[in-house]
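Single-letter residue listing:
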Amino acid sequence: MSQHAGIYRGRFAPSPTGPLHFGSLVAAMGSCLEARSRGGAWLLRIEDVDAPRCSMAAAGEILRMLEACGFEWDGAPVWQSRRDEAYAAALERLKAAGVVFPCACTRRELADSALAPDGAAIYPGTCRAGLAPGREARAWRLRVGDARLGFEDAIQGRIDSDLATEAGDFVLLRADGLFAYQLAVVVDDAEAGITDVVRGADLLLSTARQIHLQHCLGVATPAYAHLPVAVNAAGEKLSKQTLAAPLDANHPVPALVAALDFLGQRPPAELVRGTVAELWAWAGANWRLERVPRGPATAPAAVA
Ligand code: GLU
């Protein structure tokens with residue numbers, strides 16, 4: 001049994017690909033308030049495993065913004081960019097178990113593959129039974145076989161997935177030598193003893209993959225709650241690509257109130273004129289996960 005058994009441990013895991021925007025603030029608040037309301041720890045992990053898309057400057061801005069918003073995490077943040085050894089060890093275990101295989105396929109060779117619901121190519125199985133003569137491994141993939149996985153999400157309800165048709169054998173070590181997000185998140189959550197994952201519903205499609213990987217590695221599966229995705233007026237998920245407005249570190253309260261409202265918590269209007277400390281006092285006393293809507297929902301215009 002893990003040393004953390006029975007103790008709630010949550011986390012917020014932003015990717016420093018740009019400044020904190022409203023969508024990530026929603027995930028930060030939801031995960032933090034749920035952890036605190038359950039008497040648990042709330043950890044921070046900087047998900048900079050995809051180095052070409054991340055920057056130290058963005059990570060620094062996110063940390064400063066979280067501080068300005070009054071977030072207090074437990075312990076020092078974990079940086080994925082410093083954890084290659086742990087990811088490599090996990091991959092070795094999967095190799096020893098025979099559940100991963102080297103893949104020589106180029107992006108171009110996979111261009112005609114069927115697409116998963118999230119737009120990613122479903123691997124057609126080319127190298128699954130071994131590399132063709134003369135071909136060199138570029139990446140390592142996890143076999144999904146006919147794994148069907150279901151879980152009870154605290155907000156989204158029952159989610160059932162058929163990994164073969166929804167994801168296919170997915171990459172754990174990329175052709176550019178970087179470990180994939182799916183491996184990093186499972187290894188990190190397991191090592192930190194995370195019992196509950198509260199994050200945006202844009203990651204719902206990753207969850208079955210992560211549960212399959214947890215089974216392959218023999219680590220515990222946390223409980224999941226996927227928060228509604230914040231979209232702009234055009235229905236697009238807020239992100240750096242949709243030019244979501246960065247938050248204002250000098251006046252964070254309006255965005256914090258908007259995030260609570262977005263999460264269905266019905267904050268009183270006068271909170272907007274109060275301090276960050278007053279906002280957290282109200283939120284801590286009034287947070288109810290069962291009020292969070294499934295979404296997706298439009299972010300308030302001022303922060304979209
Ligand atoms: N780093 C991911 C993101 O910013 C979140 C991963 C997770 O919470 O599991 O979208």
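Scroll up to find the structure this text is about.
Each chain has its residues counted from 1, following the order in which its sequence is written. Since the coordinates come from a predicted model, pLDDT governs what is reported: local features require at least 70, and pairs of side-chain atoms require 80 or more to be given and counted, while whole-chain, interface and lining totals use all residues. Calculation of side-chain values draws on the structure's entire complement of heavy atoms; hydrogens and water are dropped beforehand.

### A closer look at the overall build of the protein
Here's step 1: Each helix corresponds to a stretch of at least 4 residues labelled H or I by DSSP, and each strand to a stretch of at least 2 residues labelled E; elements are numbered beginning at the N terminus. Helix and strand content of the protein: 8 helices and 12 strands.
Here's step 2: The principal-axis extents of the C-alpha atoms in the protein amount to approximately 70 × 45 × 35 Å.
Here's step 3: A 1.4 Å probe rolled over the protein chains alone gives each residue an accessible area, and that area as a share of the maximum for its type sets the label: buried under 20%, exposed over 50%, partly exposed in between. Here the protein holds 304 residues, and the buried ones make up 51% of them.
Here's step 4: Put simply, 76% of the contacts in the protein that link residues at least 6 apart link residues at least 24 apart.
Here's step 5: Only the protein chains shown count as cover for residues, with accessible areas throughout obtained via the Shrake-Rupley method and a probe of 1.4 Å. If you sum the accessible surface of the protein, you get close to 14,300 Å²; carbon and sulfur atoms cover 53% of it. Contact criterion: two residues are considered in contact whenever any of their non-hydrogen atoms come within 4.5 Å of each other.

### Description of the packing of helix α3 (residues 84-96) against helix α5 (residues 181-191)
Here's step 1: In this description, a line fitted to the C-alpha atoms serves as the axis of each element, helices being fitted only across the stretch in contact, and the angle between N-to-C directions of two axes falls anywhere from 0 to 180 degrees. At a minimum axis distance of 10 Å, the contact between α3 and α5 shows a crossing angle of 100 degrees. When the interaxial angle is binned, α3 and α5 end up roughly perpendicular. Between α3 and α5, the contacting residues are Ala 86, Tyr 87, Ala 90 and Leu 94 on the first element and Leu 183, Ala 184, Val 187, Asp 188 and Glu 191 on the second.
Here's step 2: Residue polarity follows a fixed list, in which Ala, Val, Leu, Ile, Met, Phe, Trp, Tyr, Cys and Pro are nonpolar, Asp, Glu, Lys and Arg are charged, and the others, Gly among them, are polar. Looking at the contact of α3 with α5, its residues break down into 7 nonpolar, no polar and 2 charged. In what follows, roughly perpendicular refers to angles from 65 to 115 degrees, roughly parallel to angles under 35, roughly antiparallel to angles over 145, and oblique to any angle outside these ranges.

### So, the sheet that holds strand β5 (residues 139-142)
Here's step 1: For two strands to be treated as a pair, DSSP must find no fewer than two bridges joining them. The strand order across the open sheet formed by 3 strands is β4-β5-β8, and the pairing between neighbours is antiparallel. For this open sheet the edge positions go to β4 (100-103) and β8 (170-173), each flanked by a neighbour on one side alone. Pairwise comparison of adjacent strand axes, ignoring direction, gives a mean angle of 45 degrees for this sheet.
Here's step 2: Relative to β5, β4 is paired through 4 bridges, and the arrangement is antiparallel.

### Here's the deal with the site of the ligand
Here's step 1: The rule for a residue being near a molecule or strand is that one of its heavy atoms must lie within 4 Å of it. Surrounding the ligand, one finds Arg 11, Ala 13, Pro 14, Ser 15, Glu 47, Tyr 181, Val 185, Arg 199 and Leu 203.
Here's step 2: By the criterion applied in these results, polar contacts are pairs of N or O atoms within 3.5 Å in which, for protein atoms, one can donate a hydrogen and the other can accept it, and in which residues neighboring in sequence qualify only through two side-chain atoms. Contact between the ligand and Ser 15: a nitrogen atom at 2.7 Å from a side-chain N or O atom of the residue.
Here's step 3: A distance of 2.5 Å separates a nitrogen atom of the ligand from a polar atom in the side chain of Glu 47.
Here's step 4: Its free accessible area being 300 Å², the ligand has 80% of it covered by the protein chains.

### Thoughts on unusual backbone geometry
Here's step 1: Residues other than glycine seldom take positive phi values, yet Arg 266 does so here, at roughly 50 degrees.
Here's step 2: Within the element layout of this structure, Arg 266 appears in the loop between α7 (253-262) and α8 (276-286).
Here's step 3: On the basis of relative accessible area, Arg 266 is assigned to the exposed category, the value being 61%.

### Details of the packing of aromatic side chains
Here's step 1: Classification of ring pairs uses Phe, Tyr and Trp, with its six-membered ring standing for Trp, and accepts pairs whose centres are within 6.5 Å; under 30 degrees between planes counts as stacked, over 60 as edge-to-face, and the remaining range as tilted. Scanning all chains against the criterion turns up 7 aromatic pairs.
Here's step 2: Ring centres of Tyr 87 and Phe 179 lie 5.8 Å apart, and the angle between their planes is 65 degrees; this geometry places the pair in the edge-to-face category. You can see Tyr 87 sitting in helix α3 and its partner Phe 179 sitting in the loop between β8 and α5, a full 92 residues away along the chain. Comparing Tyr 87 with Phe 179 shows no difference in burial state: the two are buried.
Here's step 3: Above the plane of the ring of Trp 140 lies Lys 95, whose end atom (NZ or CZ) is 4.3 Å from the centre. Each ring is checked for a lysine NZ or an arginine CZ that lies within 6 Å of its centre and within 35 degrees of its normal; such an atom marks a charge sitting over the ring.

### Structural notes on α7
Here's step 1: Buried residues dominate α7, accounting for 8 of its 10 residues.
Here's step 2: Three or more residues of α7 are buried, namely Val 253, Ala 255, Leu 256, Val 257, Ala 258, Ala 259, Leu 260 and Phe 262.
Here's step 3: If you follow the buried residues of α7, they end up packed against α1 (22-37), β11 (230-231), α8 and β12 (297-298).
Here's step 4: Backbone geometry just after α7 places Gly 264 at a positive phi near 80 degrees.

### Overview of the sheet that holds strand β2 (residues 41-46)
Here's step 1: Strand order in this open sheet of 3 strands is β1-β2-β3, and the pairing throughout is parallel. Both edges of this open sheet fall to β1 (9-12) and β3 (78-79), since each of them pairs with a single strand only.
Here's step 2: Note: β2 against β3, 2 bridges, orientation parallel. Paired with Arg 45 across the bridge in β3 is Val 78.

### Considering the side chain of His 212
Here's step 1: Position of His 212 relative to the elements: it lies in helix α6 (residues 204-217).
Here's step 2: With sequence-adjacent residues up to four places away left out, His 212 is seen in contact with Leu 142, Arg 143, Val 144, Ala 147, Leu 149 and Leu 163.

### Here we look at α6
Here's step 1: Every helix has an expected span of 1.5 Å times one less than the residues it contains. Taking 1.5 Å per residue as the helical rise, α6 with its 14 residues ought to reach 20 Å, and the 20 Å between its terminal C-alpha atoms agrees with that figure.
Here's step 2: Gly 218 sits one or two positions beyond α6 and adopts a positive phi of about 70 degrees.

### A word on the pattern of salt bridges
Here's step 1: The term salt bridge refers to a pairing of a side-chain nitrogen on Lys or Arg with a carboxyl oxygen on Asp or Glu at a separation within 4 Å. Summed over all chains, the structure comprises 18 salt bridges.
Here's step 2: Glu 34 is the partner of Arg 38 in a salt bridge, and the nearest nitrogen-oxygen pair spans 3.0 Å.
Here's step 3: Residue classification places Arg 38 among the partly exposed positions, given a relative accessible area of 47%.
Here's step 4: Among the residues examined, Glu 34 registers a relative accessible area of 7% and is labelled buried.
Here's step 5: A salt bridge links Arg 128 to Asp 169; the shortest N-O distance between them is 2.5 Å. Separated by 41 residues along the polypeptide, Arg 128 in the loop between β4 and β5 and Asp 169 in the loop between α4 (163-166) and β8 bring together distant segments of the chain.

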